[in-house]
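# Notes for the structure review
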Amino acid sequence: MNAPRVLVVGGGVTGTSVAIALSRQGLSVRLAEREPEFRPLGSGITLAGPALRGLDRLGVLERSLEVGAAIEKIATTDIAGNVLRSISLPPMTGVNGPGMLGMMRPALQDILAAEAEAAGVDIAFGTEIVAAEPDGDGAIVTTGDDVRERFDLVVLADGWRSRTRDVLFGRVEPAFRRQAVFRAVVPKARDITTGFLFHGHEHVHSGLTPTGPETAYMFCLVAVDTKERPPRARLPQLMREHLRDFGGLAAQMRDAIGGPDTVDYRPLESFIVRAPWCRGRVAVAGDAAHLTTPHLAAGGAMCLEDALVLAEELGRGDTIDEGLRRYSERRFERSRYVVEASVFLSDGQMRPDNDPEAHNARYAEAVGFLAQEY
Ligand SMILES: Cc1cc2nc3c(=O)[nH]c(=O)nc-3n(C[C@H](O)[C@H](O)[C@H](O)COP(=O)(O)OP(=O)(O)OC[C@H]3O[C@@H](n4cnc5c(N)ncnc54)[C@H](O)[C@@H]3O)c2cc1C
């Protein structure tokens, strides 16, 4: 019997991970990416324990450790730059690596892309999928060029603005969190190997994640009233203004912020698609299914876990439909917890009466939850 044919829509962290995991399972996988090449944001990413466990199970942890920056400690400073505390980050149980890893997003994407190729995934760049319709024991997809093709399974991993999801699962209206994040790639001294949280004013929260021996990315969460994005050319100046009262390392990093190409900006939004995450033979995964704020640095982990659970459930030897049902059951509640906890932390930061103890307690509880098996 021929291997089931799968189409994965979208070549971000989720799509490439799904493609790798399913291809290894012996399925025949095509990945459709609308861009002419993989094009992740140029900024950095913080990969906490659960993401490293995911990379490990996908077989790409070693290569990620070679190009990323291992982070063993997180230090918290006050606005003047005095270190208030420094905590060690133990590795996740069973993971042979640091507690956290900082990486540039393109480096992570390169590793996943190479692994997808090695696993035999047929990668179709420049292929936009405009619709996926369940069709009995398969699904029919339509490309932007109006070509229709039938697959045994389609996985929508086309990101939070997924149009294919909106058509099939109903339109998703993300909730605006009245908070936005600036992220700047900055040069840093080699001896900075710690991650930092810079405590600022009530409405400005910043931090630094090393991404390599001489690079890091600095983030700055700010309260905003609208989802409107400032012009790109103004981003460096705006970010520096938000950070103007910081001293110490935060001030050094602020002064090292470069041109508009090195800074990105995103208003924060959140949602979760209601279960079940499949319609017939079309499943949804990654940010297309759940969008969270970055407060737990868990978005990437959730994408990797979606891919691993989908492959695990489809590999149990019963029907694809049963596998999809179990995938949705296993992933929905866990993802909902992560979205709700992240939103709690984001909303709390915006409140003048934010209780730091409640914030820290919820953060610790969420970290414990994420450490559990998925
Ligand atoms: C500000 C911010 C900071 C974050 N920081 C962290 C962090 O530090 N650590 C962490 O773990 N997570 C973080 N995350 C979350 C993480 O980045 C995301 O969860 C993850 O990148 C989502 O990957 P994805 O593949 O699901 O979606 P995407 O990365 O959006 O990929 C979707 C892909 O689908 C393609 N596509 C779209 N439509 C179509 C179509 N119709 N046909 C074909 N292709 C299509 C796109 O071109 C794209 O390549 C952060 C998120 C935000 C917003």
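Residues numbered from 1 in each chain as written. Predicted model: local features only at pLDDT ≥ 70, side-chain atom pairs only at ≥ 80, totals over all residues.

## Overview of the overall build of the chain
Cut-off, in case you're wondering: Put simply, DSSP H or I for four residues or longer makes a helix, DSSP E for two residues or longer makes a strand, and each gets a number counted from the N terminus. Computation of the radius of gyration draws on C-alpha atoms, with the globule rule given as 2.2 Å multiplied by the number of residues to the power 0.38. To assign burial, the other C-beta atoms lying within 10 Å of each residue's own C-beta are counted, with C-beta atoms placed from the backbone; 20 or more indicates buried, 12 or fewer indicates exposed, and intermediate counts indicate partly exposed. Throughout, a residue-residue contact means that the two C-beta atoms, derived from backbone geometry, are no farther apart than 7 Å.
What the chain contains, in helices and strands, is ten helices and 20 strands. In terms of C-alpha radius of gyration, the chain reaches 21 Å, essentially the compact-globule figure of 21 Å for 374 residues. The principal-axis extents of the C-alpha atoms in the chain amount to approximately 65 × 40 × 40 Å. Residues classed as buried in the chain amount to 46% of the 374 residues present. Contacts spanning at least 24 positions in sequence make up 72% of the contacts within the chain whose residues lie at least 6 apart.

## Some thoughts on the domain arrangement of the chain
Put simply, the test is: Annotation comment: domain bounds sourced from an automatic or database domain assignment. We call Asp, Glu, Lys and Arg charged. Ala, Val, Leu, Ile, Met, Phe, Trp, Tyr, Cys and Pro are nonpolar, and the rest, Gly among them, are polar.
Per the domain assignment, the segments of the chain are domain 1 (5-69 + 100-173 + 270-371) and domain 2 (176-268). The straight-line distance from the C-alpha centre of domain 1 to that of domain 2 is 26 Å. Listed by partner, the interface residues are 20 residues for domain 1 and 20 residues for domain 2. Sorting the residues of the side of domain 1 that touches domain 2 by element identifies strand S3 (44-48), strand S7 (100-104) and helix H9 (320-350) as the ones contributing at least two each. If you tally residues by element for the side of domain 1 that touches domain 2, the top one is H9, at five residues. When its residues are assigned to classes, the side of domain 1 that touches domain 2 shows nine nonpolar, ten polar and one charged.

## Points about the packing of helix H8 (residues 299-314) against H9
Worth spelling out the cut-off: All axes are obtained by fitting lines to C-alpha atoms, using only the stretch in contact for helices, and the reported angles, taken between N-to-C directions, cover 0 to 180 degrees. In what follows, roughly perpendicular refers to angles from 65 to 115 degrees, roughly parallel to angles under 35, roughly antiparallel to angles over 145, and oblique to any angle outside these ranges. Two helices that cross are described as forming a left-handed crossing if the nearer one is turned anticlockwise from the farther one by less than a right angle, and a right-handed crossing if clockwise.
One can describe the packing of H8 onto H9 by two numbers: an axis separation of 8 Å at closest approach and a directional angle of 155 degrees. The pairing of H8 with H9 is recorded here as roughly antiparallel in orientation. Handedness of the H8/H9 crossing: right-handed. In contact with Met302, Asp306, Val309, Leu310, Glu313 and Leu314 of H8, H9 contributes Ile320, Gly323, Arg326, Tyr327, Arg330, Arg331, Ser335 and Val338.

## Observations concerning the pairing of strand S11 (residues 148-151)
Just so we agree on the cut-off: DSSP bridges decide pairing: two strands pair if at least two such bridges lie between them.
Inspection of the sheet shows strand S10 (residues 138-143) paired to S11 by four bridges, in the antiparallel sense. When the sheet's bridge partners are listed, Ala139 is paired in S11 with Phe151. Between S10 and S11, which pair antiparallel one after the other, the connecting turn spans four residues, and Asp146 there sits at a positive phi close to 70 degrees.

## Quick notes on the environment of Val9
Residue position: Val9 is located in strand S1 (residues 5-9). Given 30 C-beta atoms within 10 Å, Val9 falls into the buried group. C-alpha of Val9 to C-alpha of Gly299: the two residues are 290 residues apart in sequence and 18 Å apart in space. The residues touching Val9, leaving out its near neighbours within four places in the chain, are Gly15, Ala32, Ile129, Ala132, Val154, Val155, Leu156, Ala157, Asp158 and Thr164.

## As for the sheet that holds strand S13 (residues 175-187)
Spatially, eight strands are ordered S6-S5-S14-S15-S16-S13-S17-S20 in an open sheet, and the strand pairing comes out mixed. Since the sheet does not close on itself, it has two edges, and those belong to strand S6 (83-88) and strand S20 (290-291), each with one partner. Pairing geometry for strand S14 (residues 195-199) and strand S15 (residues 204-210), over four bridges, is antiparallel. Bridged to Leu197 within S15 is Gly207. Against the sheet, H9 engages S13, S15, strand S16 (215-223), strand S17 (263-272) and S20, with an angle of about 85 degrees to S13.

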